[in-house]
Amino acid sequence: MTGPAVDFSTLPLSPPTLANLRQLGYLQMTPIQAASLPAALAGADLIAQAKTGSGKTAAFALPLLARLDPRRFAVQALVLCPTRELADQVTAEIRRLARAEENIKVVTLCGGVALRGQLSSLAHGAHIVVGTPGRVLDHLERSSLQLDALSTLVLDEADRMLDMGFLDDIATVVRQCPKERQTLLFSATYPEGIAKLAAQFMKNPQQIAVAAQH
Ligand code: ADP
Ligand code: MG
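Participant: I would appreciate a short explanation of helix α8 (residues 167-175) in the present structure.
Facilitator: Residues lying three or four places apart along an α-helix face the same way, a consequence of the helix completing one turn every 3.6 residues. Of all the residues in α8, the buried ones are Ile170, Ala171, Val173 and Val174. Angularly, the buried residues of α8 cover 165 degrees about the axis, an arc narrow enough to put them on a single face. Facing away from the buried side of α8 by over 90 degrees, the exposed positions are Asp168 and Arg175. Looking at the buried positions of α8, the neighbouring elements they touch are β2 (77-80), α6 (133-141), β5 (152-155), α7 (158-163) and α9 (192-201).

This is the structure:
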């Protein structure tokens, strides 16, 4: 029996993106990438579960980058993360993966960081926002962030966001996202709360899990 194809070149990605992946040393997809990228690139909502360090960031970053229009100066993707440290890591990985594209701006919005710099970055225009739910909500309430052009919403480390009590903040943020969007939920574990979250915010999500030994 053969598993899913593992070469990135089997995916509908642009030649510059494929060249960039090779340069980054991403020669083959990890199991969670192989299981989720074809459906995510086709626009499906996904609940993807795999342990830490399995390459989940690229599994949502490549699809959101593929849908993005760099010439449109509006926030087209939002990634919610539980902590500032994780948001910084996700931002760095998206920037590496976006190197091949023309000028894509990623802004990180986390609590514990002065608002001033965030307000100025947003005012200059961002294509992608990565942030923690509380601070993202703060910017929505100040109208320094608008989500009407959003096409991809990512809930990263959703299990940890639930543990940290972010459910209400997430719900308030999601209510400000367009209904017509792709929602990708990534998690290391699958507690009961995740199914409820998915039922509330997602459209016929496909569920993908990669066994722990991978
Ligand atoms: P997770 O979110 O599942 O914890 P990450 O997305 O942070 O995992 O990825 C873990 C590490 O693996 C990162 O250093 C990332 O650059 C690297 N990585 C991801 N995908 C690949 C790949 N296909 N080939 C090689 N390295 C990869
Ligand atoms: Mg991760």
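There's plenty left to go through after this.
Participant: When you look at the sheet that holds strand β3 (residues 106-109) in this model, what are you seeing that I'm missing?
Facilitator: Sheet strands associate in pairs through backbone hydrogen bonding, adopting either a parallel or an antiparallel arrangement. Judged by pairing direction, the sheet is parallel, and its seven strands sit side by side in the order β3-β4-β2-β5-β6-β1-β7 without closing on themselves. Each of the sheet's edge strands pairs with one partner strand only, and the pair in question is β3 and β7 (206-209). Averaged over all adjacent pairs, the angle separating strand axes in this sheet is 15 degrees, with direction ignored. The sheet contact formed by strand β1 (residues 46-49) and β7 spans four bridges and is parallel. Paired with Ile47 across the bridge in β7 is Gln207. Where helix α2 (residues 31-41) meets the sheet, its contacts fall on β1, β6 (182-187) and β7, and the angle it forms with β1 comes to roughly 175 degrees.

Participant: Sorry if this is basic, but what is going on with the side chain of His127 here?
Facilitator: If you trace the backbone, His127 turns up in the loop between α5 (115-123) and β4 (128-131). By relative accessible area, His127 is classed as buried at 1%. His127 has contacts with Leu68, Asp69, Pro70, Arg72, Phe73, Ala74, Val75, Gln76, Ala77, Asn103, Ile104 and Lys105, leaving out every residue within four places of it along the chain.

Participant: Please clarify how the pairing of β6 should be interpreted in this entry.
Facilitator: Here is the key point about a regular strand: its side chains alternate between the two faces of the sheet. Here β6 lies mainly inside the structure; six of its six residues are buried. Bridge count between β1 and β6: four bridges; the pairing is parallel. In the strand pairing of β6, Gln49 is matched with Ser187. Across four bridges, β5 lies against β6 in parallel orientation.

Participant: I would appreciate a short explanation of the nonpolar core in the present structure.
Facilitator: The nonpolar side chains of a soluble globular protein tend to be buried, and buried together. Formed by 42 residues in total, the largest nonpolar core has its most connected members in Phe8, Phe60, Val79, Ile94, Ile128 and Val130. Secondary structure elements with two or more residues in this core: α1 (15-23), α2, β1, α3 (56-67), β2, α4 (84-98), β4 and β6. In terms of residue count, α3 provides more of this core than any other element does, seven residues in total. Beyond its immediate sequence surroundings of up to four residues, Phe8 is in contact with Leu13, Leu18, Leu21, Tyr26, Leu27, Gln28, Met29, Gln33, Leu37 and Leu62. By size, the runner-up hydrophobic cluster in this structure holds 31 residues, among which are Ile47, Leu145, Leu155 and Cys177.

Participant: Would you mind showing me how to read the environment of Gly131 here?
Facilitator: Note that Gly131 resides in strand β4. Its relative accessible area of 0% is what places Gly131 among the buried residues. The spatial distance from the C-alpha of Gly131 to the C-alpha of Arg84 is 7.3 Å, given a sequence separation of 47 residues. The contact partners of Gly131, leaving out residues within four places of it in the chain, are Val79, Leu80, Cys81, Leu109, Cys110 and Val136.

Thresholds applied
- Residues numbered from 1 in each chain as written.
- Chains lettered and ligands numbered in written order.
- Predicted model: local features only at pLDDT ≥ 70, side-chain atom pairs only at ≥ 80, totals over all residues.
- Heavy atoms only, no water.
- Buried < 20%, exposed > 50% of the residue type's maximum accessible area, 1.4 Å probe, protein only.
- Helix = DSSP H or I, 4+ residues; strand = E, 2+ residues; numbered from the N terminus.
- Arc of directions from axis to C-beta.
- Contact = heavy atoms within 4.5 Å.
- Pairing = 2+ DSSP bridges.
- Axes fitted to C-alpha atoms, helices over the stretch in contact; angles between N-to-C directions.
- Core = buried A, V, L, I, M, F, W, Y, C linked by side-chain atoms within 4.5 Å.

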